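# Understanding the architecture of this molecule
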Amino acid sequence: MARRLALPLLAALVLTGCESREVEKDLMIVDVNTGWYDAGVQDNGSNKLVPSVSLGLRNVSDRDIASVQLNAVFRRVGEQEAWGEHFVNAINSGGLAARATTQPIVLRSTLGYTGTQPRLQMLQNKEFVDAKAEIYGKHGSRNWIKIGEFQIDRQLLTE
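First, a word on what this report is: a plain description of the structure on this page.

## A look at unusual backbone geometry
- Unusually for a residue other than glycine, aspartate 31 sits at a positive phi of about 50°.
- As for its placement among the helices and strands, aspartate 31 is situated in strand 1 (residues 27–41).
- By relative accessible area, aspartate 31 is classed as exposed at 61%.
- One non-glycine residue, arginine 99, lies in the positive phi region at around 70°.

## Things to note about the packing of aromatic side chains
- Applying the stated criterion across every chain yields a total of six aromatic pairs.
- Seen from their ring centres, tryptophan 36 and phenylalanine 128 are 4.9 Å apart, and the 75° between their planes marks the pair as edge-to-face. Taken together, the positions of tryptophan 36 in strand 1 and phenylalanine 128 in the loop between helix 3 (119–124) and strand 7 (131–139) put the pair 92 residues apart, joining distant regions of the chain.
- Phenylalanine 128 gets classed as buried once you look at its relative accessible area, which sits at 9%.
- Pairing tryptophan 83 with tyrosine 113 gives two aromatic rings, centres 5.1 Å apart and planes at 55°, and the pair type is tilted. Of this pair, tryptophan 83 sits in strand 4 (residues 82–91) while tyrosine 113 sits in strand 6 (residues 113–115); the two residues are 30 residues apart in sequence, bridging distant segments of the chain.
- When its relative accessible area of 9% is taken as the criterion, tryptophan 83 is described as buried.
- On the accessibility criterion, tyrosine 113 (15% relative accessible area) is buried.
- Here a set of aromatic residues connected by ring pairs shows up, and it is made of Trp36, Trp83, Tyr113 and Phe128.

## Remarks on the pairing of strand 3 (residues 68–76)
- By the criterion of burial, strand 3 is predominantly enclosed, with seven of the nine residues buried.
- With seven bridges connecting them, strand 3 and strand 4 associate as antiparallel partners. Among the inter-strand pairings, asparagine 71 is bridged to a residue of strand 4, identified as phenylalanine 87.
- Here strand 3 folds back onto strand 4, and the loop between the two strands holds five residues, one of which, glycine 78, carries a positive phi near 90°.
- One ladder, built from nine bridges, connects strand 3 with strand 7; its direction is antiparallel. Along strand 7, the bridge assignment pairs phenylalanine 74 with alanine 133.

Definitions and limits used
Residues numbered from 1 in each chain as written. Predicted model: local features only at pLDDT ≥ 70, side-chain atom pairs only at ≥ 80, totals over all residues. Heavy atoms only, no water. Helix = DSSP H or I, 4+ residues; strand = E, 2+ residues; numbered from the N terminus. Buried < 20%, exposed > 50% of the residue type's maximum accessible area, 1.4 Å probe, protein only. Phe/Tyr/Trp six-rings, centres within 6.5 Å; stacked < 30°, edge-to-face > 60°. Pairing = 2+ DSSP bridges.

Take a look at the structure:
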């Protein structure tokens, strides 16, 4: 008798663990910091700045959540074309407890501006076009959904 009950109970637990969650409802973006990351000196001797966003995810649900992916799509303001992306596994299979917040998650474009000017002067250049980051989240088999959008501040980041 106990054996007959164990199998359905095990199946229910496995299916519950595989449930896809609505990241737009279960998670909140917190502690956002944006700017232009100093990606160093390139092979040709020019400086490179790339758009960067650092953020935390707070689990606002009453249940643990695991295996959440994020994708940041960077765009120059006024343009529809993507200007770089950054994909991460934001919450691993170990999960994030209810009401807890992740450590900072840093998302950076691989594309950016290069120039021979000092980095701060690059940010003040009249040709400089600002950028934004659109943050998409996904859990399980659900589709990607936009969970945030942030203007990249004109500040130099070194970390």
